[in-house]
Amino acid sequence: MKATGHKLALIVTTWTALMRGEPTPWLPDLLDENVVWQGLLPHMVCTGRGQVLERMAKLRATPPRITRIEAEEFGDQVAVSVAGPDLPENEALAAGAPRSLVFSFRAQQVIHIQSFVSRDSAFRRNTAPES
């Protein structure tokens with residue numbers, strides 16, 4: 001059994017490497033085969049390891065400057081919020097707006113990623129995905 005903080009270290013290490021455009025050879029093993037990444041809007045969803053890896057590869061290809069990162073592990077979840085001047089506009093957020101995610105784990109693999117519109121909503125401890 002891994003000590004508390006292990007999941008936090010995995011996510012911060014991986015996310016930092018992605019945002020710097022660095023290789024992450026451990027990433028496929030970190031993601032469950034059936035992982036789901038739910039974006040801010042219902043149609044913004046990646047299902048399965050392949051789609052999530054494709055999305056993350058796009059992040060690595062044109063990594064934005066990140067000037068702030070905050071992360072917290074609570075139980076089987078890790079919340080992360082990043083900010084930076086190069087974060088692109090999308091259908092739900094303005095350019096430069098912080099991005100916040102919660103990564104949910106089963107054992108040592110990420111089974112669900114949820115995007116949130118604010119740091120505060122991501123860091124609430126009641127964000128478990130529906131089963």
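Structure shown above.
Computed from a predicted model, the values in this text were never measured in an experiment.

### Re unusual backbone geometry
Most peptide bonds are trans, and most residues other than glycine sit at a negative phi.
For step 1, the next point in the chain: Notably, Ala107 is not glycine yet its phi reads approximately 55°, a positive angle.
For step 2, the next point in the chain: Considering the arrangement of structural elements, one finds Ala107 in the loop between strand E5 (99-106) and strand E6 (109-116).

### So, the packing of helix H1 (residues 6-19) against helix H3 (residues 48-61)
For step 1, the next point in the chain: Direction vectors running N to C along H1 and H3 enclose 55°, while the axes themselves pass 7 Å from each other. The pairing of H1 with H3 is recorded here as oblique in orientation. Facing Trp15, Leu18 and Met19 of H1, the residues of H3 in contact are Met56, Leu59 and Arg60.
For step 2, the next point in the chain: Residues that form the contact of H1 with H3 fall into these classes: five nonpolar, no polar and one charged.

### A closer look at H3
For step 1, the next point in the chain: Given a rise of 1.5 Å per residue, 14 residues ought to cover 20 Å, and the 20 Å separating the end C-alpha atoms of H3 matches this to within 8%.
For step 2, the next point in the chain: When H3 is considered as a whole, its buried residues turn out to be Gly48, Val52, Met56 and Leu59. When H3 is viewed along its axis, its buried side chains cluster within an angular range of 100° and face the same direction. Facing away from the buried side of H3 by more than 90 degrees, the exposed set consists of Glu54, Lys58 and Ala61.

### A short note on the sheet that holds E5
For step 1, the next point in the chain: Spatially, E2-E1-E6-E5-E4-E3 is the arrangement adopted by the six strands of the open sheet, whose pairing is mixed. Looking along the sheet, the strands with just one partner apiece sit at the ends: strand E2 (45-47) and strand E3 (68-74). With direction set aside, neighbouring strand axes in the sheet form an average angle of 15°.
For step 2, the next point in the chain: As paired elements, strand E1 (residues 31-38) and E2 share three bridges and run antiparallel to each other. Note on E2: the bridge partner recorded for Gln38 is Val45.

Conventions adopted
- Residues numbered from 1 in each chain as written.
- Predicted model: local features only at pLDDT ≥ 70, side-chain atom pairs only at ≥ 80, totals over all residues.
- Heavy atoms only, no water.
- Helix = DSSP H or I, 4+ residues; strand = E, 2+ residues; numbered from the N terminus.
- Axes fitted to C-alpha atoms, helices over the stretch in contact; angles between N-to-C directions.
- Parallel < 35°, antiparallel > 145°, perpendicular 65-115°, else oblique.
- Contact = heavy atoms within 4.5 Å.
- Nonpolar A, V, L, I, M, F, W, Y, C, P; charged D, E, K, R; others polar.
- Expected span 1.5 Å × (residues − 1).
- Buried < 20%, exposed > 50% of the residue type's maximum accessible area, 1.4 Å probe, protein only.
- Arc of directions from axis to C-beta.
- Pairing = 2+ DSSP bridges.

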